[in-house]
Amino acid sequence: MTTVKNGSTAGNGAPTTAAHVTPPRMPAPAASAAGVNIIGLVKADYKGLESTLCNGCGHDSISSQIITACYELGVKPEHIVKFSGIGCSSKSPAYFMSRSFGFNALHGRMPSVAQGALMANHTLQGLGVSGDGDTGSIGLGQFMHLIRRNLRMVYIIENNGVYGLTKGQFSATADVGQELKHAGRNEFPPIDLCRAAIVADCGFVARSFAGDPKQVVTLLKAALSHRGTAVLDIISPCVTFNNRDDSTKSYTWGKAHDERINDFGFVMSQEEIRVDYAEGETKEVELFDGSKIVLKKLDGSHDPTDKQAALRLLTEAHDKQLFITGLLYINTERPSLAETYHLVKPIASYQQDKLRPSRESLQKIMSAMY
């Protein structure tokens, strides 16, 4: 594991004193100078290094939407810890929020690093970026256990169906029967990581398309306000190795087959902001920090609070090769991992003498063993 970026200030946040851990509340929107958000930062303060990914890569679009979402929410960059594993996707945290903390972990091991860091300081907001190979193959076990424990973090899967960094081999989310120039034909069915997340009791599961920045930004805002693990599976076309028109991970397929199950707006907690919907049924869901998302059902058939309905929807979409986007499932009732362990004061804030037993104590223990 290597540290790739550190915050320029401490940014540890104030320890909570309540019996249960409450995530820091997002600041209320208010009038501000042009180009300056609620905490006095301009959008450039949320940018990172220049991207080295291929021109047109969907990952760069997602990085841009992360910048937009955090800027518009007024998230303090030093309050964010970025995590990633290995792959093209895992390079992208370098391309947004240079002032945040960051860890580039081993292949598929990002969840373990994130859990360690966020249990040491549970007041920080975790933001993980992984790929379909990093999550669906070598990291699948870690992914499932992260969700089972409900660590409070946003987990973004930049899903393109191939290992782009190693020249385009099929990943675990590639379509069965898909043919690529250098990889041949894929004979195995794909793993649907959204279905896997719901089965593991993830409380926030959504899918979107990198070519739909408005929807991606809205989903990111809602995910950042969720009390536990929020999984966003974002189809992100690989323009070099997997952008054939017949691939469900291509720009052409995404634009032609994008079927939204709902449309919604994110509502800040301190001020009621109603999104003007032209028509259709709406449903309001309150998140843990008091913010709300207002859902609009385009066809009135999907309730994202119904777990079984979400699984049925994904199964039907899989069988029909439909590209379903939107908020698939939400459950705000599960406590986060820090709440389960009743963490109050960040462990990272304790002095060494409180974290380690004294030499005398260790000698006493050793003496008792022999």
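Since the structure is predicted, the reported quantities are computational estimates derived from the model, not experimental observations. (Residues numbered from 1 in each chain as written. Predicted model: local features only at pLDDT ≥ 70, side-chain atom pairs only at ≥ 80, totals over all residues. Heavy atoms only, no water.)

Draft legend 1. Local environment of the pattern of salt bridges. All chains considered together, the criterion is met by ten salt bridges. A salt bridge links Glu-179 to Arg-185; the nearest nitrogen and oxygen atoms lie 3.6 Å apart. In this structure Arg-185 comes out as partly exposed when scored by relative accessible area, which is 46%. Between Arg-207 and Asp-233 there is a salt bridge; the shortest N-O distance is 2.8 Å. Remark: Asp-233 occurs in strand β11 (residues 229–235) and Arg-207 occurs in strand β10 (residues 204–209); sequence separation between them is 26 residues. Pair check on accessibility: Arg-207 and Asp-233 agree, each one buried. Connected through shared salt-bridge partners, Asp-192, Arg-195, Arg-207 and Asp-233 make up one network. (Salt bridge = Lys/Arg side-chain N within 4 Å of Asp/Glu carboxyl O. Buried < 20%, exposed > 50% of the residue type's maximum accessible area, 1.4 Å probe, protein only. Helix = DSSP H or I, 4+ residues; strand = E, 2+ residues; numbered from the N terminus.)

Draft legend 2. Summary view of the pairing of strand β4 (residues 125–131). Counting buried residues along β4, seven of its seven residues qualify, which places the element largely inside the surrounding structure. Neither face of β4 is exposed, since Gln-125, Leu-127, Val-129 and Gly-131 on one face and Gly-126, Gly-128 and Ser-130 on the opposite face are all buried. Two elements, β4 and strand β5 (residues 153–159), share six bridges in a ladder whose sense is parallel. By the bridge assignment for β5, Gly-131 is matched with Glu-158. (Pairing = 2+ DSSP bridges.)

Draft legend 3. Just the packing of aromatic side chains, in detail. In this structure the tally under the stated criterion is three aromatic pairs. Cation over ring: Lys-82 sits above Phe-96, and NZ or CZ is 5.2 Å from the ring centre. Between the NZ or CZ atom of Lys-345 and the centre of the ring of Tyr-350, over which it lies, the distance is 4.7 Å. (Phe/Tyr/Trp six-rings, centres within 6.5 Å; stacked < 30°, edge-to-face > 60°. Lys NZ or Arg CZ within 6 Å of the ring centre and 35° of its normal.)

Draft legend 4. Structural detail: helix α9 (residues 307–320). Between its terminal C-alpha atoms α9 stretches 20 Å, which fits the 20 Å expected from 14 residues at 1.5 Å a residue. Of the positions making up α9, those classed as buried are Ala-309, Ala-310, Leu-311, Leu-313, Leu-314 and Ala-317. Residues of α9 that are buried sit in contact with α6 (193–199), β10 and β16 (323–330). Between a side-chain oxygen at the N-terminus of α9 and the backbone nitrogen of Gln-308 the separation is 3.2 Å; the capping residue is Asp-306. Gln-321 sits one or two positions beyond α9 and adopts a positive phi of about 55°. (Expected span 1.5 Å × (residues − 1). Contact = heavy atoms within 4.5 Å. Polar contact = N/O pair within 3.5 Å; in protein donor to acceptor, adjacent residues only side chain to side chain.)

Draft legend 5. Examining helix α7 (residues 213–224) more closely. Taking 1.5 Å per residue, twelve residues should reach 16 Å; α7 reaches 16 Å between its end C-alpha atoms and fits that length. Of all the twelve residues making up α7, ten are buried; the element is thus mostly covered by neighbouring parts of the structure.

Draft legend 6. Region of interest: unusual backbone geometry. Even without glycine at this site, Met-97 takes up a positive phi of about 50°. Tracing the backbone through its elements, the reader meets Met-97 in the loop between α2 (88–91) and β3 (101–104). Phi at Asp-201 is positive, roughly 70°, even though this residue is not glycine.

Draft legend 7. The layout of surface pockets, seen in detail. Of the voids in this model, the largest pocket is the one considered here, and its volume is about 380 Å³. Lining the largest pocket are 21 residues, with Asp-175, Pro-190, Thr-248, Lys-249 and His-318 positioned closest to its centre. Going through the elements one at a time, β11, α9 and β16 are the ones with two or more residues in the lining of the largest pocket. With three residues, the single largest contributor to the lining of the largest pocket is α9. Taken together, the residues of the lining of the largest pocket break down into eleven nonpolar, five polar and five charged. (1 Å grid on protein atoms, 1.4 Å probe; cavity = no way out; pocket = protein on both sides within 12 Å on 5 of 7 lines; lining within 4 Å. Points joined across faces, edges and corners; volume = space filled by probe spheres on them. Nonpolar A, V, L, I, M, F, W, Y, C, P; charged D, E, K, R; others polar.)

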